[in-house]
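Commentary on secondary and tertiary structure
Single-letter residue listing:
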Number of protein chains: 2
Amino acid sequence: MAVGLGPLPTLHPVPGFELGIASAGIKRPGRKDVVVMRCAEGSSVAGVFTLNAFCAAPVILSKQRVQGTVRYLLTNTGNANAGTGAPGLAAAERTCAKLAELAGVPAESVLPFSTGVIGEPLPVEKIEGALQAALDNLSENNWAEAATGIMTTDTLPKGASRQFQHDGVTVTVTGISKGAGMIRPNMATMLGYIATDAKVAPKVLKDLMLDGANKSFNRITIDGDTSTNDCCMLIATGKADLPEVTEASGALFEALKKAVFEVCMEVAQAIVRDGEGATKFVTVQVNGGGNHQECLDVGYAVAHSPLIKTALFASDPNWGRILAAVGRAGVPELDVSLIDVYLDSVCIASKGGRSPSYTEAQGSAVMAQEEITIRIELGRGQCSETIWTTDLSHEYVKINAEYRT
Amino acid sequence: MAVGLGPLPTLHPVPGFELGIASAGIKRPGRKDVVVMRCAEGSSVAGVFTLNAFCAAPVILSKQRVQGTVRYLLTNTGNANAGTGAPGLAAAERTCAKLAELAGVPAESVLPFSTGVIGEPLPVEKIEGALQAALDNLSENNWAEAATGIMTTDTLPKGASRQFQHDGVTVTVTGISKGAGMIRPNMATMLGYIATDAKVAPKVLKDLMLDGANKSFNRITIDGDTSTNDCCMLIATGKADLPEVTEASGALFEALKKAVFEVCMEVAQAIVRDGEGATKFVTVQVNGGGNHQECLDVGYAVAHSPLIKTALFASDPNWGRILAAVGRAGVPELDVSLIDVYLDSVCIASKGGRSPSYTEAQGSAVMAQEEITIRIELGRGQCSETIWTTDLSHEYVKINAEYRT
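Keep in mind that this is a model prediction, so the values were computed, not measured. (Residues numbered from 1 in each chain as written. Chains lettered and ligands numbered in written order. Predicted model: local features only at pLDDT ≥ 70, side-chain atom pairs only at ≥ 80, totals over all residues. Heavy atoms only, no water.)

Considerations on the pattern of salt bridges
Considering all chains together, one arrives at 28 salt bridges over all chains under this definition. A salt bridge links Arg380 of chain A to Glu294 of chain A, with the nearest nitrogen and oxygen atoms 2.7 Å apart. A residue pair is termed long-range when its members are at least 10 positions apart, and Arg380 of chain A in the loop between β14 (371–377) and β15 (383–390) and Glu294 of chain A in helix α7 (residues 292–304) qualify at 86 residues. Exposure remark for Glu294 of chain A: the relative accessible area of 6% places this residue in the buried category. Residue Glu18 of chain B is joined to Arg38 of chain B by a salt bridge in which the shortest nitrogen-to-oxygen separation is 3.0 Å. One end of the pair, Glu18 of chain B, is in strand β1 (residues 17–22); the other, Arg38 of chain B, is in strand β2 (residues 34–39), and 20 residues separate them in sequence. (Salt bridge = Lys/Arg side-chain N within 4 Å of Asp/Glu carboxyl O. Helix = DSSP H or I, 4+ residues; strand = E, 2+ residues; numbered from the N terminus. Buried < 20%, exposed > 50% of the residue type's maximum accessible area, 1.4 Å probe, protein only.)

Here you go:
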């Protein structure tokens, strides 16, 4: 039921970044569920991670290890290795150590990532058994296979790619992501991997990752549940024949930033488009806020309201539910008489009440679309925020009521 | 699909408080949709109201008028008169003025209450046309009919009643409520009306209403959406032959408080039991918090998680989703290694991980029940909070996707 999400676009290989896929049979025999990624020596790697206090064992390890030299990323699906305590941490360490041994690198240079059911012991032997096959499969041309290999309840693989020229040299930025439920990243994301062959100093790369995630992954929400396992990694292999980007300024930095942000945005929005049971892709735009936080508060109140989400599913222009959500968002001293609300370009509420020009037919026409923008003008200041979300359908309930069976 | 909610219990009449029901045909011809309540002269009346900034016109009026002398409460269903701006306020005033004229009281002594669709103009003439019939129907014995008359998407009427003896005099407390969706009261409630024949000073009555609502109506949530129209009224007619309660102490006050709280709790929980599409009645108990707010933050994170709610619907002991919700509740410096989680008496997680003694069979047995307590021990302090909620079912989506059609 993915909304406006087609087959994968062309995912350009990134020199110095290889991907290998294998099957450990974690959830189902034969399913591709292990992905190994190799970063060329000298790569810079930055990451953002979930803020969930119950973050998973692999997140704990990866957060530590990303501070040092990173050579391999090891991802498994089918099991999140979260809520597993000390044994879970030991299990994550074991799989990394095994990969390090096979690849001849220090164990600390392998970062683990897991996604799937929370609270079940990680099947270490199964994963270990698949590692050699994944290593043998390593290739710069495997982005599409890896995008499929990291899927869980996703119905489609997600990826994006950009190239730009700088001083006659082609620079590539390619990324993939996964995630369809338990999506409300908080300074982090679902699993996302973005690589470039530009050479970027670690500090600059880290800021680029944070900034990019904040404008994309951290602005999408499907069900308001921040995962225990969210991670997004940005890898710069330095294989492009260009000087290192050491400052957050200059033409190369700006071109790279644009490409990274576009890839982040495309794969982040792809997660929403493939949201569990999604039949609508909804942009919630809040303008005229006194500060960014109140824009976000209003945006999330709207994006998380089950009443609005079910109305979106029903293509019902029940704009009263939107006003109600804005009103309960907790914005201090909110003057409702200044508020206008639009569905795309149709003004449904002005000055806090039903717009005099509004007709039900106008609202119904917009709501019948697959892609809808709800725009809220608060009339309090100059700040804006945009959030992307889905509707709430029968299929969402079905998927989540039956996930483990 | 109401969970553990049977036919109305006996609702004892409250001397000095009469109820009259009539049909204005607001949504459907013949439906009982107007309820008039008359408070005897000399009654004290207290109310709590929604904190939604987009509060409805009748809420604005009632909040003002409850400060003065209250003689009549006028309730209509089928139309919330919310998001209707200045015309909505005028419409509410007109219906009150008409009732005041027919009853021979000042217009300011009539308080309006509306519930139903947001954003449609109030059908003033229809309501006015039903007022004489409602007045003619006034009787102290009409609680059950009124409980039915205020229903919207409710599947069953909701009411509770208590009597106690003080100095040989019988004191009665009777209440009714309505509400099944858009339930997350915030210092207020769905529509609720509780009356007693005790004589209570206005200040004491107001505190009693606030305190009672905070422990009951303000601790229930179905979908996290705070309504624009929530109101709960407490009326003390003073017809019982006892001295006025002028202080929040003493045997009479304590007995009255107990009865009022029990009635509040019973009708508040009845709203959850009749929650839209509810198949489970879920108690979320958070103990060991450092303060009350963090207990509430954890409780609501669990109670609002669509992933937990769908797992409850599926009777799936997916306890990992509970840990994930606790972890994202935003409690500062949460030490997950101190956290225990129970389903009823079954310890599913201890010290932040899966409990060694836990078996899936134990969890499944609890989840198969209609009534489930999720208990979370934070291990941070002595504070506790309890919240009541429902699961998220196919029926919830169906009801809210089709509400206006």
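Anyway, onward from the coordinates.
Thoughts on the domain arrangement of chain A
The extent of an interface is frequently quoted as the accessible surface area lost upon association of the parts. All names here are of chain A. Here chain A is partitioned into domain 1 (15–272) and domain 2 (279–400). Domain 1 and domain 2 are separated by 33 Å when their C-alpha centres are compared. Taken together, the 12 residues of domain 1 in the interface contact 13 residues of domain 2. Summed over both sides, the interface of domain 1 with domain 2 buries roughly 1,200 Å², with 58% coming from carbon and sulfur. When the buried area of domain 1 at its contact with domain 2 is split by residue, Arg219, Thr221 and Val272 rank highest and sum to 48% of it. The closest approach of N and O atoms between Arg219 and Glu385, which form a salt bridge, is 2.9 Å. Summed over the shared surface of domain 1 and domain 2, the number is six residue pairs in polar contact (both at pLDDT 80 or more). The element best represented in the side of domain 1 that touches domain 2 is helix α6 (residues 251–273), accounting for three residues. (Domains from an automatic or database assignment. Contact = heavy atoms within 4.5 Å. Buried area = accessible area lost by both parts, 1.4 Å probe. Polar contact = N/O pair within 3.5 Å; in protein donor to acceptor, adjacent residues only side chain to side chain.)

What about the sheet that holds strand β6 (residues 158–166) of chain B?
The strands making up a sheet are joined through hydrogen bonds of the backbone, oriented either antiparallel or parallel. Residue and element names in this part refer to chain B. As summarised here, the arrangement of the five strands in space is β3-β9-β8-β7-β6, forming an open sheet in which the pairing is mixed. Strands at the two margins of the open sheet, each flanked by one partner only, are β3 (44–49) and β6. The average angle at which neighbouring strand axes cross in this sheet is 10 degrees, direction not considered. With five bridges connecting them, strand β7 (residues 169–177) and strand β8 (residues 191–196) associate as antiparallel partners. (Pairing = 2+ DSSP bridges. Axes fitted to C-alpha atoms, helices over the stretch in contact; angles between N-to-C directions.)

Some thoughts on the confidence of the model for chain A
Residue and element names in this part refer to chain A. When pLDDT is averaged along chain A, the result is 91, and 96% of the positions lie at 70 or above. Within the model, the stretch residues 185–189 combines pLDDT values under 50 with 26 contacts to residues more than four positions away or in other chains. If you check the scores for this complex, the pTM reads 0.82 and the ipTM reads 0.75. (pLDDT = per-residue confidence, 0-100.)

Comments concerning unusual backbone geometry
Residues and elements named next belong to chain B. The phi dihedral of Glu333 is positive, around 50 degrees, even though this residue is not glycine. A residue is classified by how much of its surface remains accessible, and Glu333, at 79% relative accessible area, is exposed. With phi around 50 degrees, Asp344 is a residue other than glycine that occupies positive phi space. Structurally, Asp344 can be placed in the loop between β11 (340–343) and β12 (346–350). With relative accessibility at 26%, the residue Asp344 sits in the partly exposed group.

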